[in-house]
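Given next are the chains, with one letter for each unit.
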Amino acid sequence: MDVLGFVSSIYLGDRGCKKIVIDGWARTVCIQVDTISRIRSLDGNWHYYNDENLDDGYIVFKDVQGMVLSNNGKIPNDYINYLEVIQQSEHIYLFTFSANSVEPDGPSSEVILQVTAGGICLVDPNQPEQEITE
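Residues numbered from 1 in each chain as written. Predicted model: local features only at pLDDT ≥ 70, side-chain atom pairs only at ≥ 80, totals over all residues. Heavy atoms only, no water.

Colleague: Which parts of the structure should I look at to understand the nonpolar core?
Modeller: Among soluble globular proteins, nonpolar side chains are generally buried collectively. Core analysis: the largest hydrophobic core is formed by 26 residues, its most contacted members being Ile59, Phe61, Leu83, Phe95 and Ile120. Residue assignment for this core shows that the elements contributing at least two residues are helix 1 (3–8), strand 3 (28–33), strand 6 (58–70), strand 7 (80–89), strand 8 (92–102) and strand 9 (108–123). Counting residues per element, this core draws most heavily on strand 9, which supplies 5 residues. The residues touching Ile120, leaving out its near neighbours within four places in the chain, are Val3, Phe6, Val7, Ile10, Ile59, Val60, Phe61, Lys62, Leu83, Phe95 and Thr133. The next biggest cluster of nonpolar side chains, apart from the first, holds 5 residues, and it includes Tyr58, Val60, Cys121 and Val123. (Core = buried A, V, L, I, M, F, W, Y, C linked by side-chain atoms within 4.5 Å. Buried < 20%, exposed > 50% of the residue type's maximum accessible area, 1.4 Å probe, protein only. Helix = DSSP H or I, 4+ residues; strand = E, 2+ residues; numbered from the N terminus. Contact = heavy atoms within 4.5 Å.)

Colleague: So what exactly am I meant to see when it comes to the sheet that holds strand 1 (residues 10–11) here?
Modeller: Adjacent strands of a sheet pair through backbone hydrogen bonds, lying either parallel or antiparallel. What the 3 strands build is an open sheet, ordered 1-4-5; its pairing is antiparallel. Each edge of the open sheet carries a strand with a single partner, namely strand 1 and strand 5 (54–55). With 2 bridges joining them, strand 1 and strand 4 (residues 35–38) adopt antiparallel strand pairing. Bridged to Tyr11 within strand 4 is Ser37. (Pairing = 2+ DSSP bridges.)

Right, dumping it as C-alpha cells:
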C-alpha cells in the first residue's frame, strides 16, 4: 500500500496520544496511541471495525529528515485531532499530527508535530520487530 493510502487507512478518532519517542540514531519518531484502528471499508469510513486494533500501538515515522514540534512548551497528552500527509517528492513526505495538551487545571491547547520522513508504519507493542505497512 502506498503511503497516502496507508495513512488514510489509520483511524484515530476518539483516541489519545500517550507519548512521543525520538530516536536520532535510528532516524525515527514514534507516537504511542492508546488504540489505533484501521479503516478497511470501501467507503473510507471506520464503521467500528476493531479486528486489527493495536492497543498502545505506535505510529512510526521512518527515515526522518526533520521535525518541528509547535507547542509553546506544551506536551501532547490528550485526544488526537488528525494525522495528515503530503507527498513532497518521490520518497519524502510531510506528516502533520495534531493532538491536544491538557493542563492539570483544565485548559487545553493544540500541539502540532510535523515530521518530514521517508515512510510510515504501525507497530504492535506485542510484536515490536514487525512493521505493519498494509
